[in-house]
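Here's the letter readout for the chains.
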Amino acid sequence: MKKVLMAFVILSATVATPAQQVLSDSISDSMPDAPQAVGVTAENSARDTLLDRAALDMIHKDYASAAEIYRRLLRDTPNDSIIWNRLGIAYHQQSLLGDALKCYERATKVDKKNGDGWNNVGTVYFQEKKYAKAIRAYKKAIALDSSRATFYANIGIAYLNSKKVPEAQDSFRAAVRLDPDVFTQNASFGTVLQDRTVQNRGVFFFMMAKSYAVNGNAERCVYYLRKSRDEGYADFSKASTDPMFSGVLNNPSVRELLGLPALPSPPMTPSKGI
């Protein structure tokens, strides 16, 4: 249940927006892992039941129903930043960007340390192609929590669409270093940023290859190099001389893809006689 809901959205967890930037929500679980302690009030129990229902509605993509539950909860706890963020996510999934933005902003006002709220503010501006505003929001999210790969991945896409290539590359490298699976369906913080989020996919794939090469991940490097080549990226062959690829150039798959000659096999070491 946690993986399905967890936060890029991060609901306790994560869900991708229509544009496939990753939303985020608090990783405090909305569904109790253990039996409740003796003395838990009926009011708390009822609240947990509503949170469970909203979580299931989100899983089943009944976002309107989830939003209704979150609005009901906020009538009793109007300063709950996590619920404001989740209500924003429910609106966001219905493409109600204006309502979503108001909720995310409210979440950041109620809790000044709500990095998820700022990340989600950024996703709204990104979808509206207001990249400068999106970048400012993502920077605030990163300042509050620099351990979140999804924040770096989101800001990297915004930088790339703003044609700020060096900043994008640095962001992608940081994202991959924090979570090598951040751009895959198995990302620890939720759904991936999909290719169509990017204006120039060939450049994006090449930058991904470079990010994985720097981290010594030859398998992922080959995967993204191939996608870059297939997109017709003009500078694809420069990987063979780019210092950032030096750590993977001895890999046979990388060399074959780049048209480099195979390295000679190491000489056999003669066995010592008894």
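Residues numbered from 1 in each chain as written. Predicted model: local features only at pLDDT ≥ 70, side-chain atom pairs only at ≥ 80, totals over all residues. Heavy atoms only, no water.

Trainee: Before we move on, could you go through the overall build of the protein chain and cite the residues and values that matter?
Mentor: In terms of regular secondary structure, the protein chain is built from 12 helices and 0 strands. Secondary structure elements of the protein chain occur, N-terminal to C-terminal, as α-α-α-α-α-α-α-α-α-α-α-α. Across the 274 residues that make up the protein chain, the buried fraction comes to 49%. Summed over its atoms, the accessible surface of the protein chain is roughly 13,700 Å², and 52% of this surface lies on carbon and sulfur atoms. (Helix = DSSP H or I, 4+ residues; strand = E, 2+ residues; numbered from the N terminus. Buried < 20%, exposed > 50% of the residue type's maximum accessible area, 1.4 Å probe, protein only. Areas by Shrake-Rupley, 256 points an atom, 1.4 Å probe, with all protein chains shown as cover.)

Trainee: I'd love a proper account of the pattern of salt bridges, names of residues and values included.
Mentor: Applying the stated criterion across every chain yields a total of 11 salt bridges. A salt bridge links Glu68 to Arg71, with the shortest nitrogen-to-oxygen separation between them at 2.9 Å. Placement of the pair is Glu68 and Arg71 together in helix H3 (residues 63-76), with a separation of 3 residues, close to one helical turn. Judged by relative accessible area, which is 37%, Glu68 ranks as partly exposed. Here Arg71 falls in the partly exposed class, since its relative accessible area comes to 30%. Two residues, Arg201 and Glu231, come together in a salt bridge whose shortest N-O distance is 2.7 Å. (Salt bridge = Lys/Arg side-chain N within 4 Å of Asp/Glu carboxyl O.)

Trainee: How would you sum up helix H11 (residues 218-230)? Please name residues and give values.
Mentor: With 13 residues, H11 should reach 18 Å at 1.5 Å per residue; the first-to-last C-alpha distance of 18 Å fits that figure. By the burial criterion, the buried members of H11 are Ala218, Cys221, Val222, Tyr224, Leu225 and Ser228. Where H11 is buried, its residues meet helix H10 (201-214) and helix H12 (252-258). Immediately beyond the C-terminal end of H11, within one or two residues, lies Gly232, with a positive phi of roughly 80 degrees. (Expected span 1.5 Å × (residues − 1). Contact = heavy atoms within 4.5 Å.)

Trainee: So what's going on with the packing of helix H8 (residues 149-161) against helix H9 (residues 165-178)? Which residues, and what values?
Mentor: Close contact between H8 and H9 brings their axes to 8 Å; oriented N to C, the two are set at 160 degrees. On the basis of the axis angle, H8 is roughly antiparallel to H9. Taken as a pair, H8 and H9 cross one another with a handedness that is left-handed. Contacts between H8 and H9 involve Ala149, Tyr152, Ala153, Ile155, Gly156, Ile157, Tyr159 and Leu160 on the former and, on the latter, Val165, Glu167, Ala168, Ser171, Phe172, Ala174, Ala175 and Leu178. (Axes fitted to C-alpha atoms, helices over the stretch in contact; angles between N-to-C directions. Parallel < 35°, antiparallel > 145°, perpendicular 65-115°, else oblique. Left-handed = near helix turned anticlockwise from the far one by under 90°.)

Trainee: Provide a residue-level description of helix H7 (residues 131-144), including the pertinent values.
Mentor: Helical geometry: 3.6 residues make up each α-helical turn, so side chains three or four residues apart lie on a common side. The terminal C-alpha atoms of H7 lie 20 Å apart, and with 14 residues this matches the ideal 20 Å at 1.5 Å per residue to within 8%. Turning to H7, its buried residues number three or more, namely Tyr131, Ala134, Ile135, Ala137, Tyr138, Ala141 and Ile142. Viewed end-on, H7 has its buried residues packed into an arc of 165 degrees, placing them on one side of the element. On the buried face of H7, the contacting elements are helix H6 (115-127) and H8. (Arc of directions from axis to C-beta.)

Trainee: Describe the nonpolar core, naming the residues involved and giving the relevant values.
Mentor: Of all hydrophobic cores here, the largest spans 74 residues; its most connected members are Tyr70, Phe172, Phe183, Phe204, Leu225 and Phe245. Not counting the four nearest positions on each side in its chain, Phe172 is found in contact with Ala153, Gly156, Ile157, Leu160, Phe183, Phe204, Met207, Met208 and Ser211. (Core = buried A, V, L, I, M, F, W, Y, C linked by side-chain atoms within 4.5 Å.)

Trainee: Can you tell me about the packing of aromatic side chains, naming the residues and giving the values?
Mentor: Throughout the structure, instances matching the rule amount to 10 aromatic pairs. Look at Phe172 and Phe183: their rings are 5.8 Å apart centre to centre, the planes differ by 80 degrees, and that puts the pair in the edge-to-face class. Taken as a pair, Phe172 in helix H9 and Phe183 in the loop between H9 and H10 lie far apart in primary sequence, 11 residues in all. Note on Phe183 and Phe204: the rings are 6.0 Å apart at their centroids and 70 degrees apart in plane angle, and the pair reads as edge-to-face. Taken together, the residues Phe183 in the loop between H9 and H10 and Phe204 in helix H10 connect sequence positions 21 residues apart. (Phe/Tyr/Trp six-rings, centres within 6.5 Å; stacked < 30°, edge-to-face > 60°.)

Interpretation in functional terms is not warranted from these geometric data alone.
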